[in-house]
Amino acid sequence: MERIGDLLGKATKLLAEACERPRFEAELLLAHAIDKDRNYLILHESDPIAREQADHFWQMVHRRAAHEPYAYIVGKASFYDIELVVEKGVLIPRPETELLVERAAALIARHDLQQIAEIGIGSGAIAIVLARKFPHLKIIATDISETALRVARRNIEAFGLQGRITLVYSNLLDAVEQQVEMVVSNPPYIEQGVTLMKDVAAYEPHEALFGGKEGDELLKAIVDLCIERKIGYLACEMGYNQRERIERYLQARGVCEIAFYRDYARLDRGFTVQITDSG
Ligand SMILES: C[S@@+](CC[C@H](N)C(=O)[O-])C[C@H]1O[C@@H](n2cnc3c(N)ncnc32)[C@H](O)[C@@H]1O
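Peer 1: Mind laying out the packing of helix α6 (residues 97–111) against helix α7 (residues 125–133), listing which residues take part and the relevant values?
Peer 2: Their axes nearest at 10 Å, the elements α6 and α7 cross at an angle of 40°. By the criterion of interaxial angle, the relationship of α6 to α7 is oblique. Here α6 and α7 pass one another in a crossing that is right-handed. Note on element contacts: α7 touches α6 through A125, I126, V129, L130 and K133, opposite T97, L100, V101, A104, A105 and I108. In terms of residue class, the contact of α6 with α7 is built from nine nonpolar, one polar and one charged.

In structure tokens form, the structure reads like this:
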């Protein structure tokens, strides 16, 4: 039987090419395989582990060494104050999207919003956190990916929010007739042809990442939709290089109440707008 310390040493070497922090990821995977926390590993370096657990660990290490994201291997991802089930076919929620949640939450609180929509729910990250923050809030959430809707349903049910988050298989809000007061969205916004890290490009769903030839096509479609339907508020994540184009687009449509925000790396990452009757 192999000992914890030896397993970690070997796995760290195997993960060196694929991971920025190979030892850390080896520890996470081993802790997951034996259902303990990382501290346990440090205190029990010379303990042997059961054969099936070691086999499971090596399977996971090989998947990670082939660049499969950690979240898909263990089937879960942390976001804001919750943990979500994820699987291949649904985007792994990103830390910067927590900033979008904060911006959307500020609008909901300030204007006492009761009914909003999310376009592109993915795993359910944004809608679930917002529903937990605002116990009165109702959310209609769409996606064009059946996998995303299935995973979102599972996460919504795990938090007992099925009465407040309604899932709709729909392009944008095409299949949603109800009037909503705000749209929140982290749509696909990457420009066609951009080369992504192998972990992302080879494993995450392309329909969740690429927004079209320019990248901002869906963002613009969402702006148009909000104007047409007289939806008062919009909060969106966007690409770090899209601010100028989005600003011009919004201004050309008479939308002037625009607030852009930056992410943890100080890059432009999203915006909120207030849409009045004139635009
Ligand atoms: C960047 S992911 C965001 C997922 C999740 N909201 C998050 O922030 O982690 C974009 C999501 O939008 C969905 N999507 C792409 N095009 C769409 C469209 N035209 N209408 C509705 N959803 C769309 C994708 O399937 C994907 O789940």
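Peer 1: So what's going on with helix α1 (residues 4–14)? Which residues, and what values?
Peer 2: Residues of α1 that are buried include every one of I4, L7, L8 and A11, and no others. Here the buried residues of α1 occupy an arc of 95° about the axis, which is enough to place them on one side. Of the residues in α1, the exposed ones pointing more than 90 degrees away from the buried face are D6 and K13. In this structure, the buried residues of α1 make contact with α2 (22–34), α3 (38–43) and α4 (51–65).

Peer 1: Describe the nonpolar core, and please don't skip the residues or the numbers.
Peer 2: One recurring pattern in soluble globular proteins is that nonpolar side chains are buried together. I116, L130, I139, M182, V183 and L234 are the most contacted members of the largest nonpolar core, which has 60 residues in total. Here the element with the most residues in this core is α7; it accounts for seven residues. Judged by nonpolar contacts, the second largest core, of 14 residues, contains I4, L8, L30 and M60.

Peer 1: Go over the domain arrangement of the protein, please, and point to the residues and values.
Peer 2: Looking at the protein, the domain boundaries give domain 1 (4–66) and domain 2 (89–274). Computed from C-alpha coordinates alone, the two centres of domain 1 and domain 2 are separated by 36 Å.

Peer 1: An account of the pairing of strand β1 (residues 76–79) is needed here, citing residue identities and associated values.
Peer 2: Residues of β1 alternate between two faces, with A77 and F79 buried on one and K76 and S78 left unburied on the opposite face. Summarising the sheet, β1 and strand β2 (residues 82–85) pair through four bridges and their orientation is antiparallel. Looking across to β2, one finds that F79 is bridged to I82. Where β1 hands over to β2, the hairpin turn is made up of two residues, of which Y80 adopts a positive phi near 55°.

Peer 1: If you had to explain the site of the ligand to someone new, which residues and values would you point to?
Peer 2: Residues in close proximity to the ligand total 23 residues, the closest being G120, G122, S145, N186 and A208. Breaking the shell around the ligand down by element, the ones donating at least two residues are α7 and β4 (138–143). Looking at side-chain class alone, the shell around the ligand contains 13 nonpolar, eight polar and two charged residues.

Peer 1: So what's going on with the packing of α1 against α4? Residues and values would help.
Peer 2: Their axes nearest at 10 Å, the elements α1 and α4 cross at an angle of 20°. Of the possible angle classes, the one that applies to α1 and α4 is roughly parallel. Crossing angle aside, the handedness with which α1 passes α4 is right-handed. Each of L7, A11 and L14 in α1 lies in contact with α4, whose residues at this interface are A54, F57, V61 and A65. Of the residues in the contact of α1 with α4, the class split is seven nonpolar, no polar and no charged.

Rules and cut-offs
Residues numbered from 1 in each chain as written. Predicted model: local features only at pLDDT ≥ 70, side-chain atom pairs only at ≥ 80, totals over all residues. Axes fitted to C-alpha atoms, helices over the stretch in contact; angles between N-to-C directions. Helix = DSSP H or I, 4+ residues; strand = E, 2+ residues; numbered from the N terminus. Parallel < 35°, antiparallel > 145°, perpendicular 65-115°, else oblique. Left-handed = near helix turned anticlockwise from the far one by under 90°. Contact = placed C-beta atoms within 7 Å. Nonpolar A, V, L, I, M, F, W, Y, C, P; charged D, E, K, R; others polar. Buried ≥ 20, exposed ≤ 12 C-beta atoms within 10 Å, placed from the backbone. Arc of directions from axis to C-beta. Core = buried A, V, L, I, M, F, W, Y, C linked by C-beta atoms within 7 Å. Domains from an automatic or database assignment. Pairing = 2+ DSSP bridges. Near = placed C-beta within 6 Å.

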